[in-house]
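# Remarks on the overall topology
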Amino acid sequence: MFKLTRFCILFVSLVSLFSQPISAESFTQREARDPEAATGFQAHALVTAKQAMVSSANPYATKVGLSVLKQGGTAMDAAVAIQAVLTLVEPQSSGIGGGAFILYWDQKAQKLFTLDGREAAPSAANEHLFFENGKPISWHQAVVGGRSVGVPGVLAALELGQQKWGKLSWQSLFEQAIELSEQGFIVSPRLAKLVELNINPGLAKLEPAKSYFYPANQPLKAGDLKRNPALAEQFKQIAKQGSQYFYQGDLAQKIVKAVQTSDIAPGQLSQSDLKNYQPKLRAPLCGDYHDYQVCGFGPPSSGGFTVLQILQLLEPFKLAQYPANSATALHLFSQASKLAFADRNRYLADSDFTSVPLNQLLKPDYLNKRSELIQLNTDLGVAKAGEIRQTKIDEGASLTQPNTSHISIVDKWGNAVSMTTSIEMAFGSTVMVEGFLLNNQLTDFSFSPKQNGQLVVNRVEPNKRPRSSMSPTMVFKNGQLVGVLGSPGGSRIINYVAQTLIAKLDWQLTIQAAIDLPKITNLNGETSLEAGTNIAEYQTQFEKLGHKVNIRELNSGLHAIWKTQQGWQGAADPRREGIALGY
Ligand code: GLU
């Protein structure tokens, strides 16, 4: 299914990725950038287990998560321990310097909770945060340094979740990450490759990140033993004092200093921003697809909404009648995705700052009308957002740069976590504090506050959370949990998750086969088909329908768990280096 050409294409796309000024690109082109390199393809066998399962992006993290579950921890306990380990071993993707969305299924209460640990803009930020000389700067300029750093939210969210749904002591959940930070971990091929590729322009420039990732001026190599004593020390304090050490203690001071005195683009994050940060419990966003209920994260994520809209727009087309990944099915998928992205781009943002008309956009009558725009034999071109009765809002030009991680966990009681966690671009802002990286999540805002004279909903405002595409998802049937999944991948996350759901719910593949399926994305522009796979052969056929086709790396990182009569099945994306383990 996969051919060697995928790696050559990857290199070309990486080079072209950073060679263009932002102003020359359209909105969809900008969102379509993803500098994350594929670093290998490793087939995984489906993992099955009777009681509990973990799937995450790194073997160390999955093993630690499993050991917490075996010690009698809940899925929430395991999530804390996994995030601590990922901060160390997958620093390019997530960490305590970033943010996350967490779905928690409480089996006893039969209730789904959604916990928002998304980064927030500093109170001093305004809609011109990314302006210089009266103009929005390029994305490239915006990423690196203190200016792009939002208040990290993941630790506060995990602490709140663990207080509500954990069983083990908070302190114990950091033990393994502390030991690994002190003794050292083996640098993975993926981490080494991303350092070597120098994909984040700040990494080789800003200290102390430079010395950490390029010791003696040489990039970290796969197989190196890497210690991180500074991080071990922070974990010890966080374990003892809780998140207040991070938000109000010594560490808060260090974070603020690093941001405000960054050699590149100093930022405005202040001690009071950290102190005032609150994780938020929000209402889950659920809708039907066939006889399943699909639940995800509402605003400030656009993920739950857009995944649901894609599925519901496709409901009348009965995709089960087509073979998995057949050309017709993928054409229909691309069209639904265009329509859903058009609405997402125009209407979705932090709902604490703007009213997001979710109910109207998910109404059956509205969806039926939108669905009628999909033709079996023609591409619909660039979709326009649906008109609904609301003040005029324009879509904003924001970028999502994929480097993120998804964790799926089910414990022996049947509680579950679906958590997507991110520092945004690979290696975030590259501002490093005491062994961990700070995010650049503020670049997920629209850089321009207005477009065509209209205010953009996703503009920067003080304390606002930037729009996200992260789509942690859970699937239910007759009220019972059947699936847990999510992925990194910037805006393409939405397509990765929606396609995997269709592969499960329509094509009835095993969860591993669903993840393995060659990927297609369309963010309301070109249709991207995964290079080196059999669906790349649809290019001519799709072009005849009017698609603009791009054959490229599609670097999903799906981690999922599915229920069967025998127990749980766990799966990890062969495009990254994660694994699933259960017992
Ligand atoms: N910053 C992106 C978002 O929140 C995630 C980036 C990624 O997935 O890799 O949507």
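Preceding this paragraph is the structure being described.
Because the structure is predicted, anything quoted here is derived from the model rather than measured. (Residues numbered from 1 in each chain as written. Predicted model: local features only at pLDDT ≥ 70, side-chain atom pairs only at ≥ 80, totals over all residues. Heavy atoms only, no water.)

All right, on to the nonpolar core then. Judged by nonpolar contacts, the single largest core of 97 residues is most densely connected at Phe-174, Phe-213, Phe-246 and Ile-409. With residues up to four places along the chain from it excluded, the contact list for Ile-409 reads Met-53, Val-54, Leu-69, Ala-75, Ala-78, Ala-79, Ile-82, Asn-415, Ala-416, Val-417, Val-484 and Ile-561. By size, the runner-up hydrophobic cluster in this structure holds 83 residues, among which are Leu-112, Tyr-289, Ile-493 and Leu-558. (Core = buried A, V, L, I, M, F, W, Y, C linked by side-chain atoms within 4.5 Å. Buried < 20%, exposed > 50% of the residue type's maximum accessible area, 1.4 Å probe, protein only. Contact = heavy atoms within 4.5 Å.)

Compared with an ideal rise of 1.5 Å per residue, which puts 13 residues at 18 Å, helix α18 (residues 493–505) spans 18 Å between its outermost C-alpha atoms and is within 8% of the ideal. Buried residues dominate α18, accounting for 13 of its 13 residues. (Helix = DSSP H or I, 4+ residues; strand = E, 2+ residues; numbered from the N terminus. Expected span 1.5 Å × (residues − 1).)

What follows deals with the pattern of salt bridges. This model, assessed by the stated rule, comprises 17 salt bridges. One salt bridge connects Asp-343 with Arg-370, and the closest N-O pair in it is separated by 3.5 Å. In this pair, Asp-343 is assigned in helix α15 (residues 327–347) and Arg-370 in helix α17 (residues 364–371), connecting sequence segments 27 residues apart. Take Arg-370: its relative accessible area is 8%, and that puts it in the buried class. The residue Arg-346 makes a salt bridge to Glu-387 at a minimum N-O spacing of 3.1 Å. In this pair, Arg-346 sits in helix α15 while Glu-387 sits in the loop between α17 and β12 (404–410), placing the two residues 41 residues apart along the sequence. Several salt bridges share partner residues, and in doing so they unite Asp-116, Lys-280, Arg-282, Asp-352 and Arg-465 into one network. (Salt bridge = Lys/Arg side-chain N within 4 Å of Asp/Glu carboxyl O.)

Moving on to the packing of helix α7 (residues 175–183) against helix α10 (residues 229–241). Where α7 contacts α10, the axes come no closer than 8 Å and their chain directions differ by 160 degrees. What the angle tells us is that α7 and α10 run roughly antiparallel. Read as a crossing pair, α7 and α10 show a hand that is left-handed. In this structure, α7 uses Ala-177, Ile-178, Ser-181 and Glu-182 to contact α10, whose residues at the interface are Pro-229, Leu-231, Ala-232, Phe-235 and Lys-236. In terms of residue class, the contact of α7 with α10 is built from six nonpolar, one polar and two charged. (Axes fitted to C-alpha atoms, helices over the stretch in contact; angles between N-to-C directions. Parallel < 35°, antiparallel > 145°, perpendicular 65-115°, else oblique. Left-handed = near helix turned anticlockwise from the far one by under 90°. Nonpolar A, V, L, I, M, F, W, Y, C, P; charged D, E, K, R; others polar.)

Bringing the sheet that holds strand β19 (residues 480–485) into the picture now. Here we have seven strands laid out as an open sheet, ordered β1-β24-β23-β19-β18-β11-β10, and antiparallel in their pairing. The sheet terminates laterally at β1 (47–49) and β10 (285–289), the two strands that pair on one side only. Mean inter-strand twist for the sheet, computed between neighbouring axes without regard to direction, equals 25 degrees. Two elements, β10 and strand β11 (residues 292–296), share five bridges in a ladder whose sense is antiparallel. Each bridged residue has a counterpart across the sheet, and for Gly-287 the counterpart in β11 is Val-294. Lying over the sheet, helix α14 (residues 303–314) contacts β10 and β11, oriented at roughly 15 degrees with respect to β10. Packing of α18 onto the sheet brings it into contact with β10, β11, β18 (473–477), β19 and β23 (559–564), and relative to β18 it is tilted by some 25 degrees. (Pairing = 2+ DSSP bridges.)

Per the stated rule, a full pass over the model turns up one disulfide. The partner cysteine of Cys-286 in its disulfide is Cys-295, sulfur to sulfur 2.1 Å. Since a negative S-S torsion denotes a left-handed disulfide, the Cys-286-Cys-295 link at about 115 degrees is right-handed. (Disulfide = S-S within 2.5 Å.)

A separate point is unusual backbone geometry. The phi torsion of most residues other than glycine is negative, and most of the peptide bonds are trans. A cis amide bond, omega 5 degrees, links Glu-207 with the succeeding residue Pro-208. At the junction of Pro-299 and Pro-300, the peptide bond is cis and its omega measures out at 10 degrees in the coordinates. Along the chain, the position of Pro-300 falls in the loop between β11 and α14. Phi is positive for Phe-427, close to 70 degrees, though the residue is something other than glycine. Using a relative accessible area of 1% as the deciding quantity, one classes Phe-427 as buried.

An α-helical turn contains 3.6 residues, so a residue and the one three or four places further along point in the same direction. Among the residues of α17, Tyr-366, Leu-367, Arg-370 and Ser-371 are the ones counted as buried. For α17, the angular spread of buried residues about the axis comes to 135 degrees, placing them on one side. Residues of α17 that are exposed and point more than 90 degrees away from the buried face comprise Pro-364, Asp-365 and Lys-369. (Arc of directions from axis to C-beta.)

If you walk through the whole model with that rule in mind, you get 13 aromatic pairs. Aromatic side chains Phe-113 and Trp-165 sit 4.9 Å apart centroid to centroid with 45 degrees between the ring planes, which places their arrangement in the tilted category. Here Trp-165 lies in helix α6 (residues 154–165) and Phe-113 lies in strand β4 (residues 111–117), a separation of 52 residues in the sequence. By relative accessible area, Phe-113 is classed as buried at 18%. Directly above the aromatic system of Tyr-212 lies the positively charged group of Lys-226, at a separation of 4.1 Å from the ring centroid. Directly above the ring of Trp-568 sits Lys-563, whose terminal nitrogen or CZ lies 4.6 Å from the centroid. (Phe/Tyr/Trp six-rings, centres within 6.5 Å; stacked < 30°, edge-to-face > 60°. Lys NZ or Arg CZ within 6 Å of the ring centre and 35° of its normal.)

With respect to the helices and strands, the residue Gly-490 is situated in the loop between β19 and α18. When the C-alpha positions of Gly-490 and Ser-422 are compared, they lie 9.9 Å apart, and in sequence the two are 68 residues distant.

In spatial order, the strands read β20-β21-β22; together these three strands make up an open sheet with mixed pairing. At either margin of the open sheet sits one strand with a lone partner, and together these are β20 (520–522) and β22 (549–552). Taken over all neighbouring pairs, the strand axes of this sheet differ in orientation by 25 degrees on average, direction set aside. α15 rests against β20 and β21 (527–530) of the sheet, and its axis sits at about 35 degrees to β20.

As for its position among the elements, Gln-441 is in the loop between β15 (436–437) and β16 (450–451). A relative accessible area of 1% places Gln-441 in the buried class. The spatial distance from the C-alpha of Gln-441 to the C-alpha of Phe-185 is 27 Å, given a sequence separation of 256 residues. Setting aside its immediate chain neighbours within four residues, Gln-441 contacts Arg-118, Glu-119, Ser-148, Ser-422, Ile-423, Glu-424 and Pro-466.

Once that is clear, we can look at the pairing of strand β24 (residues 567–572). Across a regular strand the side chains alternate sides, sitting on one face of the sheet and then on the other. Of all six residues in β24, six are buried; the element is thus mostly enclosed. Inspection of the sheet shows β1 paired to β24 by three bridges, in the antiparallel sense. Along β24, the bridge assignment pairs Ala-49 with Trp-568. In terms of strand pairing, β23 meets β24 through six bridges, oriented antiparallel. When the sheet's bridge partners are listed, Trp-562 is paired in β24 with Gln-569.

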